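Each chain is listed here by its residues.
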Amino acid sequence: MDKGKTTQNISWNGSLSYGNTIFLGDLRHSSAERYLPNVALSMRFNKEKNHKKGYQIAFTAGKNSGESDFDEPQFNHYFRSQYLQGHIAYRKAISKNENVKTGKTIPQVHFLIGTGYYIADVKLFQPSVDNINTKKHETISSVYFPFGLEVSYYLRQGFGFMASLSNNLYLNDKIDLYEVKNNGPDNQLMFNLGMCFKFN
């Protein structure tokens with residue numbers, strides 16, 4: 001096969017995945033009483049110039065929740081949010097997609113890094129004062145930087161399975177409507193499993 005032609009073979013593939021997220025911000029703690037699973041549904045489209053590098057466009061809708069865990073209960077807060085976020089990322093393969101000796105397809109690992117935009121409807125509660133009505137209710141937005149790893153394995157029919165682990169670093173420290181000085185920006189760890197597919 002002509003190596004020069006291979007590098008110009010632009011292809012598209014994508015994935016639909018569902019998973020869980022862990023909020024890593026000021027209200028990062030969880031409890032069996034008020035904590036809810038943070039779920040996320042992601043749709044991703046990958047443009048590949050060759051098997052080594054390409055670009056990704058992704059959209060994710062999900063939920064966030066968390067709470068503080070101070071020694072004095074009257075200072076504790078917890079939050080709930082529903083969000084939508086999207087990013088554009090550079091996608092680089094860090095493993096081969098086929099066995100050199102047998103030619104069989106094998107799972108391939110990609111590294112991702114990019115930039116995106118996040119917007120969410122956020123509710124903050126202070127249970128010691130009022131466990132039903134919100135203390136704050138705002139729409140929060142932020143630029144964020146996603147980076148992580150994605151593993152995909154394709155079957156001969158052009159469909160396959162994928163898994164991803166990524167961290168989203170937000171430039172806004174009020175993703176949870178709660179800000180602690182000198183605690184750094186909020187983060188979100190995301191783990192997804194799903195189906196991947198090829199368009200051509």
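In the block above lies the structure referred to throughout.
An account of the accompanying structure is given in this report. Per chain, residue numbering runs from 1 following the sequence as it is written. Predicted model: local features are reported for residues with pLDDT of at least 70 only, side-chain atom pairs are reported and counted for 80 or more only, and whole-chain, interface and lining totals are derived from all residues. Calculated side-chain values reflect all of the structure's heavy atoms, with hydrogen atoms and water omitted.

Once the charged atoms of two side chains with opposite charge are near each other, the side chains can pair. A carboxyl oxygen of Asp or Glu within 4 Å of a side-chain nitrogen of Lys or Arg is what we treat as a salt bridge. Counted by the stated rule, this structure contains 3 salt bridges. Between Glu-48 and Arg-91 there is a salt bridge whose closest N-O contact spans 2.6 Å. Taken together, the residues Glu-48 in strand S2 (residues 39-48) and Arg-91 in strand S4 (residues 78-93) connect sequence positions 43 residues apart. Throughout this description, buried means an accessible area under 20% of the type-specific maximum (1.4 Å probe, protein chains only), exposed means over 50%, and partly exposed covers the range between. We classify Glu-48 as buried; its relative accessible area is 10%. When salt bridges with common partners are traced through the structure, they connect Arg-44, Glu-48, Arg-91 and Glu-150 into a single cluster. Secondary structure is summarised from DSSP: a helix means a run of H or I of at least four residues, a strand means a run of E of at least two, and numbering begins at the N terminus for each.

Read around the barrel, 8 strands follow the order S1-S2-S3-S4-S5-S6-S7-S8 and close on themselves; strand pairing throughout is antiparallel. Averaged over all neighbouring strand pairs, the angle between strand axes comes to 25°, with direction disregarded. By the convention used here, strands pair only if DSSP detects at least 2 bridges between them. Where strand S1 (residues 11-24) meets strand S8 (residues 187-198), 12 bridges bridge the pair, whose relative direction is antiparallel. Bridged to Asn-20 within S8 is Phe-191. To get an axis, a line is fitted to the C-alpha atoms, and for a helix only the part in contact is used. The angle between two axes follows their N-to-C directions and goes from 0 to 180 degrees.

Leaving glycine aside, a negative phi is the common case for residues, and trans is the common case for peptide bonds. Here Leu-177, not a glycine, exhibits a phi torsion of approximately 60°, which is positive. Looking at the element boundaries, Leu-177 is found in the loop between strand S7 (159-170) and S8. Classification of Leu-177 as buried rests on a relative accessible area of 2%.

Our focus in this paragraph is the environment of Asn-183. Along the chain, Asn-183 falls in the loop between S7 and S8. Sequence-wise, Asn-183 and Gly-86 are 97 residues apart; in three dimensions their C-alpha atoms are separated by 25 Å.

Aromatic ring pairs are defined here through the distance separating the ring centres and the angle between the ring planes. In this analysis, rings of Phe, Tyr and Trp, with Trp reduced to its six-membered ring, are considered paired at centre separations within 6.5 Å, and the interplanar angle assigns stacked below 30 degrees, edge-to-face beyond 60, and tilted for intermediate values. Inspection of every chain in the model, using the stated rule, returns 8 aromatic pairs. Plain terms: the ring middles of Tyr-144 and Tyr-170 are 5.6 Å apart, the flat faces sit at 50° to each other, and that makes the pair tilted. Of this pair, Tyr-144 sits in strand S6 (residues 136-154) while Tyr-170 sits in strand S7, placing them 26 residues apart in sequence. Tyr-170 shares its class with Tyr-144; the two are buried. Between Phe-197 and Phe-199 the ring centres are 5.3 Å apart and the planes differ by 80°, which places this aromatic pair in the edge-to-face class. Overall, Phe-197 belongs to the buried group, its relative accessible area being 15%. Taking the relative accessible area as the measure of exposure, Phe-199 reaches 48% and is therefore partly exposed. Here the aromatic cluster, defined as three or more aromatic residues joined through ring pairs, consists of Tyr-83, Tyr-118, Tyr-144 and Tyr-170.

Okay, the pairing of S8 next. The two faces of the sheet receive side chains in turn, since in a regular strand these alternate between them. Relative to S8, S7 runs antiparallel, the two being bridged by 11 bridges. For Met-162, the partnering residue across the bridge sits in S8 and is Gly-194.

That's the geometry; what it means functionally is another story.
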